[in-house]
Amino acid sequence: MPPAFALHGSPPVGRHHPTDTLPSIAGSDRIVRQTESAWTSLKPTLERVIGQIQAKSVLEIGAGRHPFFSMEEAQRLGFRLTINDIDAAELDYAPRGFDHLVLDVAQDVDRRLLDGHAFDLIFSRMVFEHVKDARKAWTNLHDLLAPGGVGFAFVPTLYSPPFVLNRLLPDDLTGRALRLMDRTRNDKEIPKFPAYYDACRASETRLRPFLKEIGFSEALVVPFYGTPYFPRIPVLRQVFRAFDMLCTRHDLRTFASYAYIIARK
Ligand SMILES: C[S@@+](CC[C@H](N)C(=O)[O-])C[C@H]1O[C@@H](n2cnc3c(N)ncnc32)[C@H](O)[C@@H]1O
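Calculation criteria
Residues numbered from 1 in each chain as written. Predicted model: local features only at pLDDT ≥ 70, side-chain atom pairs only at ≥ 80, totals over all residues. Heavy atoms only, no water. Helix = DSSP H or I, 4+ residues; strand = E, 2+ residues; numbered from the N terminus. Buried < 20%, exposed > 50% of the residue type's maximum accessible area, 1.4 Å probe, protein only. Contact = heavy atoms within 4.5 Å. Areas by Shrake-Rupley, 256 points an atom, 1.4 Å probe, with all protein chains shown as cover. Axes fitted to C-alpha atoms, helices over the stretch in contact; angles between N-to-C directions. Parallel < 35°, antiparallel > 145°, perpendicular 65-115°, else oblique. Left-handed = near helix turned anticlockwise from the far one by under 90°. Nonpolar A, V, L, I, M, F, W, Y, C, P; charged D, E, K, R; others polar. Polar contact = N/O pair within 3.5 Å; in protein donor to acceptor, adjacent residues only side chain to side chain. Near = heavy atom within 4 Å. Arc of directions from axis to C-beta. Pairing = 2+ DSSP bridges.

Draft legend 1. Up close: the overall build of the protein. For the protein, the count of helices and strands is 10 helices and seven strands. Burial status across the protein gives 49% buried among its 265 residues. Across the protein, the fraction of contacts at a sequence separation of at least 24, relative to all contacts at a separation of at least 6, is 75%. Within the structure as shown, the protein displays about 13,000 Å² of accessible surface, and the carbon and sulfur contribution to it stands at 56%.

Here it is as structure tokens:
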């Protein structure tokens, strides 16, 4: 069992970062805003952020059994990675070598655990939709970041039709439907966790005031379009295709499928 949290050679608390704005830090104008690209652009985007802010200490929230970066990648990019999860058992399945931080991102964080440490980048992939209290989670991110540090959440968003259904229907039903479409969605490989979608929106108009109120100086939301889990039924297929084209053309963020929600302290 690795130590609950142990960082050696922590960067000085209060480290400041270059003053570029978030769109240039994230390279957001170059990201293709289609659903598939939400997945494939994640690594290059995070790598870019790490390079731009010269991140040395990175925390992945809800890394679970599949941390997003390998140890080799972290070493190549020059940062130390701490992996978090609410469930210590999930982290036990993860590759060895990373620092572990077991806590609920949406509950009070005992700062003594971190011994004054602050992170340059805190990111998550497919986690914030499972958090009941997004305000508390983003407040914790703000507290745990160094000045100028970046919080980054890759989330599925409302009101994309499959996620509306997932929000409304009972978990055992959506779990069974998901397993029919994707055989890796089982408790051994990729378990399904209950989803609430609190503040999982692609609308910057909606999220910017929320993040500013928490204390972030800057916020950016990159939306992605294209209904995931596209139905293979002929007529429905055409209906969804037309719907997705309309949303993309008019940047209808209410119906975006995924978003990168990025905020700077
Ligand atoms: C859908 S999995 C995603 C795992 C990993 N990020 C990935 O993309 O493969 C969600 C993970 O978030 C964790 N999680 C859920 N709520 C959390 C919370 N409040 N604080 C920290 N982790 C949480 C779960 O235990 C689970 O490991």
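That covers the picture; the talk isn't over yet.
Draft legend 2. Up close: the packing of helix 6 (residues 134-144) against helix 9 (residues 204-214). Contact geometry for helix 6 and helix 9: axes closest at 9 Å, N-to-C directions at 50 degrees. Viewed along their axes, helix 6 and helix 9 adopt a mutual orientation that is oblique. Classified by chirality, the crossing of helix 9 by helix 6 is right-handed. The residues of helix 9 that touch helix 6, namely those facing Ala134, Arg135, Trp138, Thr139 and His142, are Phe210, Leu211, Glu213 and Ile214. Within the contact of helix 6 with helix 9, the residues separate by chemical class into five nonpolar, two polar and two charged.

Draft legend 3. Structural context of the side chain of Thr227. Looking at the element boundaries, Thr227 is found in the loop between strand 6 (218-224) and helix 10 (234-249). On the accessibility criterion, Thr227 (8% relative accessible area) is buried. One polar contact links Thr227 to Asp244, side chain to side chain, over a distance of 2.7 Å. Sequence-distant contacts of Thr227, that is, excluding residues within four places in its chain, are made with Pro161, Pro162, Phe240, Phe243 and Asp244.

Draft legend 4. Geometry of the site of the ligand. Close to the ligand lie 17 residues, the nearest being Gly62, Asp85, Asp104, Val105 and Arg125. Here a nitrogen atom of the ligand sits 2.8 Å away from a polar atom, N or O, in the main chain of Gly62. At a separation of 3.2 Å, a nitrogen atom of the ligand approaches a polar backbone atom of Ile86. Burial of the ligand by the protein chains amounts to 89% of its free accessible area of 590 Å². Each residue belonging to the shell around the ligand can be placed in one class, and the counts come to eight nonpolar, five polar and four charged.

Draft legend 5. Spotlight on helix 7 (residues 161-168). If you check which residues of helix 7 are buried, you get Pro162, Phe163 and Asn166. Looking straight down helix 7, one finds its buried side chains confined to an arc of 95 degrees; they lie on one side.

Draft legend 6. Quick look at the pairing of strand 5 (residues 145-156). Counting buried residues in strand 5 gives 11 out of 12 residues, a clear majority hidden from the surface. Looking at chain direction, strand 4 (residues 119-125) and strand 5 are connected through six bridges and run parallel. If you follow Arg125 over to strand 5, its bridge partner there is Phe154. Bridging between strand 5 and strand 7 (residues 258-264) involves seven bridges; their strand directions are antiparallel. Bridge pairing in strand 7 links Phe154 to Tyr260.

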